[in-house]
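The lines below spell out each chain.
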Amino acid sequence: DRYVFDFAEGNKDLKDLLGGKGANLAEMTRLGLPVPPGFTIATTACRTYLSTGDAPTALSQEIGEHLNRLEQVIGRKLGDPDDPLLVSVRSGGKFSMPGMMETILDIGLNDQSVQGLAKRSGDDHFAWDSYRRLLQMYARTVLEVPDELLQAALSPGYAEWDVSTPEQLPAAAIERACGALQEVIADYSGRPFPQDPLEQLDLAVRAVFRSWVTPRATLYRHQEHIPDDLGTAVNVMAMVFGNRGPDSGTGVAFTRDPGSGEPGVYGDYLQDAQGEDVVSGVRNTVPLAELESIDPRSYAQLLTAMATLEHHYRDLCDIEFTIEHGRLWILQTRVGKRTAAAAFRIAVQLVDEGVITLDDALLRVTGDQLGRLMFPRFDSRHDVPVIARGIGASPGAAVGVAAFDSVAAQRLASSGRNVILIRRETSPDDLPGMVASTGILTTRGGKTSHAAVVARGMGKTCVCGVDSLVVDPVARRAVAPGEVVIEEGDLLSLDGLTGFVYRGDVPVVASPVVEYFEGRVALADADDLVRAVDRVLRHADVRRTLGVHANADTPGDAQRARRFGAEGIGLCRTEHMFLGDRRRLVERLILAEGPTEQEAAFDELLPLQRADFVGIFQAMDGLPVTVRLIDPPLHEFLPDFTELSVQVALDRAAGQPDEEAERLLAAVRRTHESNPMLGLRGVRLGIAIPGLFAMQTRAIAEAAAIVTAEGGTVRPEIMVPLVASEQEMRLVRHEIESVLAKVAEETGGAVPARIGTMIEVPRAALQAGPIARCADFFSFGTNDLTQLTWAFSRDDVEASFFPRYLDAGVFPVSPFESLDRTGVGRLVRLAVEEGRKANPDLLIGVCGEHGGDPDSIDFFAAAGLDYVSCSPFRIPVARLEAGRAAS
Ligand code: ADP
Ligand code: MG
Ligand code: MG
């Protein structure tokens, strides 16, 4: 019901209402840190504004009341002609969206109060530069005046004074620039710049509301999976000034290195500057440690504030601060973004420092981060020349072709190239190009520049501040020292850890984390990152209740899965066992006329299948192996219809018809289906081609007997695909059981095997109870279940209309990537509930690709599954996420 809250009223847990920035400003105010006073307009007001086109009626009165209080506290009035209070109007949603929305500084200046400010401060330059900033930000944010027009108003003085940025101009020149900006504003909008400070404030607040829905903010949200309907809060805060000379300045500080996780003083500082100057990377900053010699007192105070914040939040914090005439002000803090490596290192450091528990540590890292650490890196033994070095701002090994603007980056990426985007600095307008690129290189700015922050957030490689590289975006080229020219399309390699830039493509090697998982490096010889990962992962194993199995079709995959921690195979596909040389045998099976020929074909396939299973059972000694009986339509094993037709026609024309080819063609024609995905496949094959599942079952049982005789322990689980009805399951189960009994008799020992089914057809989920009565286990095949529930085929839709659907927000992420909880997930829950009710011993897992997706794993844990199964490489990610889900 209220929309406006004083900083002293909120706290850090009110992010939904006050946004992240507002909640943390409130928290810092309560902690007694030097935060300029102000108030926060809640996200609810923004939501009303965006849905109705107008702010809530009560809002302006509430703002007025809070403003009065602020004026009393400070002892000055907003825009007072003699001694004006100035405020900033800052965006800030629930989730941090760095630089994506708008902030307007120095509200309250007008043609009179700028004079007052100049007189009071005794600093004309400062006053006019502040006014210039307000006019510029107002034009850009409230009126959306194109940047070219603003630059045209600012730049005429540059040549005369030999400068390249407006704040370097002398006061009188800035005053002239202010006049020019006012003309642009009046021309562009048909109204002069509002002199009334309250009107400025009102327009600024609305502009910040609107900045929630700009294309770049929307794109960022979709990229980061932030819901569109949250809206932004607006923080109105008394201005403090870092642009009042050398004893003033502004900076960004991190309580630990967000790149590596090392503890220490970390950040950037810029003397005589206002906030945006640092973040935009327009001017070159100095390392924060140099503040110690510039202003020892403020530096000491800052360190104390940093310690207070880290202690309070029990995590790495990043902090924006400003020093005005030697007085420190904290303007923002949040739990800082960090690289994947830093996340693991910091979590374990904090455990060692006694700040958090291992359970907490588990929640400080994510499966996505672990996945990132498993990416390959550059091989150090290569001779590709280094052409320049910058600051490694977001780690990774990126190889790609150079692009000098967003458009080129998108074009090259859509032609299938990996792209390195090269810019002097990036602005939010470069976002589409950054999304399209593998790596980002800037020549200005440090680890806290826009490029660095955004790249880290997206997990892309970034090297900043490569100042020896001279970029000419118009000519689409850059020149490195030694006249090394890089043109659009040239190959480059970026090392986001060391900051090295290479001309050419550097070979990449496996990550140390993977080397450790693979058993090629012992823990004792591994670096602290590997040890941190290991420690957190072991704790995840202790906590998790969800089993983690692997999808593996070969002994090699099975062994790797085991090394990565798999507790069984949740999906061993058998169709791969019918490819290659064996395709001929499948052809014979399909061409067989009569049971004798068919029998003969089975007899040839049997020993081959058996040998495959022996290898896998050996690799998984003691662990369950779920073998899925053959699933795809048979024609997938036959030659292509068109090619075969042409061949047959040619043979005939040459007067040499090939009888075998003719028969094959007839078979291809016979088995052709217009909707193979919905045709003769899965359990339907088993029922339509008697003997097929029996042969596979026999191969499994005989292989199990062989490995058992060798002294191994085999736990086969036979899985029937595409079942939709209880009757199908009964028929097939009967056949499987009789084969198992026969083999047991022949080999003189029963093979304990489970018989179960995939739940991948919506009807199977709806019939889970009856099906469960004749199944020992269920395994959700969520790929097919998703396709069949949504009625779209993954092979066809991902490239055609999915991009449009994602843009339009039909779903925030592809339902093939992350399980659609409300639709497909509902079927999963139903099947779990009714399946268990009918058969309390029912074992339930999932073997679709969702089994390796962090968000989906969380869902499966909550739905009460026994295990997830995923590709061997995703096993550690799944272990970690399962541990998090249980914490
Ligand atoms: P963002 O969310 O994009 O970082 P901010 O709201 O933090 O935007 O504001 C941009 C810059 O302006 C920051 O560097 C901040 O420190 C500075 N700033 C904001 N409010 C004030 C203020 N009241 N006094 C001085 N600087 C400010
Ligand atoms: Mg900020
Ligand atoms: Mg399937």
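Definitions and cut-offs
Residues numbered from 1 in each chain as written. Chains lettered and ligands numbered in written order. Predicted model: local features only at pLDDT ≥ 70, side-chain atom pairs only at ≥ 80, totals over all residues. Heavy atoms only, no water. Axes fitted to C-alpha atoms, helices over the stretch in contact; angles between N-to-C directions. Helix = DSSP H or I, 4+ residues; strand = E, 2+ residues; numbered from the N terminus. Left-handed = near helix turned anticlockwise from the far one by under 90°. Contact = heavy atoms within 4.5 Å. Nonpolar A, V, L, I, M, F, W, Y, C, P; charged D, E, K, R; others polar. Domains from an automatic or database assignment. Donors = N, O, S within 2.8 Å, 3.2 Å for Na, K, Ca; no water. Buried < 20%, exposed > 50% of the residue type's maximum accessible area, 1.4 Å probe, protein only. Expected span 1.5 Å × (residues − 1). Arc of directions from axis to C-beta. Near = heavy atom within 4 Å. Polar contact = N/O pair within 3.5 Å; in protein donor to acceptor, adjacent residues only side chain to side chain. Pairing = 2+ DSSP bridges.

### A short note on the packing of helix H28 (residues 692-709) against helix H29 (residues 726-747)
Alright, step 1. Running from N to C, H28 and H29 point in directions that differ by 35°, and their axes come no closer than 9 Å. Handedness of the crossing formed by H28 with H29: right-handed. Only Val 732, Glu 735, Ile 736, Val 739, Leu 740, Lys 742, Val 743, Glu 746 and Thr 747 of H29 make contact with H28, whose side of the interface consists of Phe 693, Ala 694, Thr 697, Arg 698, Ala 701, Glu 702 and Ala 705.
Alright, step 2. Residues belonging to the contact of H28 with H29 are distributed by class as follows: 9 nonpolar, 2 polar and 5 charged.

### Points about the domain arrangement of the chain
Alright, step 1. Taken as a whole, the chain is organised into domain 1 (4-238), domain 2 (249-335), domain 3 (375-509), domain 4 (544-633 + 673-886) and domain 5 (641-672).
Alright, step 2. Taking the mean C-alpha position of each, domain 2 and domain 5 sit 76 Å from one another.

### Let's talk about the coordination of the magnesium ion (ligand 3)
Alright, step 1. At 2.0 to 2.1 Å from the magnesium ion (ligand 3) lie its protein donor atoms, namely Glu 760 (OE) and Asp 784 (OD). On the criterion of sequence distance, the pair formed by Glu 760 in the loop between strand E28 (754-759) and helix H30 (762-766) and Asp 784 in helix H32 (residues 782-790) is long-range, its members being 24 residues apart. Here Glu 760 matches Asp 784 in class, with each residue buried.

### A look at helix H13 (residues 296-313)
Alright, step 1. Relative to the 26 Å expected for 18 residues at 1.5 Å per residue, H13 spans 26 Å between its end C-alpha atoms, a close match to the ideal helical length.
Alright, step 2. Among all positions in H13, only Ser 298, Tyr 299, Leu 302, Ala 305, Met 306, Leu 309, Glu 310 and Tyr 313 are buried. Angular distribution of buried residues about the axis of H13 spans 130°; they occupy a single face of the element. More than 90 degrees from the buried face of H13, the exposed residues found are Pro 296, Arg 297, Thr 304 and His 311.

### Quick word on the site of ligand 1
Alright, step 1. The local shell around ligand 1 holds 15 residues, among which Lys 21, Ser 88, Arg 90, Thr 103 and Gln 332 are the closest.
Alright, step 2. One nitrogen or oxygen atom from the side chain of Ser 88 is found 2.9 Å from a nitrogen atom belonging to ligand 1.
Alright, step 3. For the shell around ligand 1, the secondary-structure elements that each account for two or more residues are strand E3 (87-93), strand E4 (103-107), strand E5 (232-238) and strand E10 (327-335).
Alright, step 4. In terms of residue class, the shell around ligand 1 is made up of 6 nonpolar, 5 polar and 4 charged.
Alright, step 5. Taken domain by domain, the makeup of the shell around ligand 1 includes at least three residues from each of domain 1 (4-238) and domain 2 (249-335).

### Some remarks on the coordination of the magnesium ion (ligand 2)
Alright, step 1. Protein coordination at the magnesium ion (ligand 2) comes from Glu 320 (OE) and Gln 332 (OE1), with a distance range of 2.1 to 2.2 Å. Of the two residues, Glu 320 sits in strand E9 (residues 317-324) while Gln 332 sits in strand E10, which places them 12 residues apart along the sequence.
Alright, step 2. Given the relative accessible area of 24%, Glu 320 is considered partly exposed.

### Here's the deal with the pairing of strand E29 (residues 777-780)
Alright, step 1. Side chains Phe 777 and Ser 779 project from E29 onto one buried face, and the interleaved Phe 778 and Phe 780 project onto a second face that is buried too.
Alright, step 2. Relative to E29, E28 runs parallel, the two being bridged by 3 bridges. Directly across from Met 758, in E29, lies its bridge partner Ser 779.
Alright, step 3. The sheet contact formed by E29 and strand E30 (residues 843-846) spans 4 bridges and is parallel. For Phe 778, the partnering residue across the bridge sits in E30 and is Ile 844.

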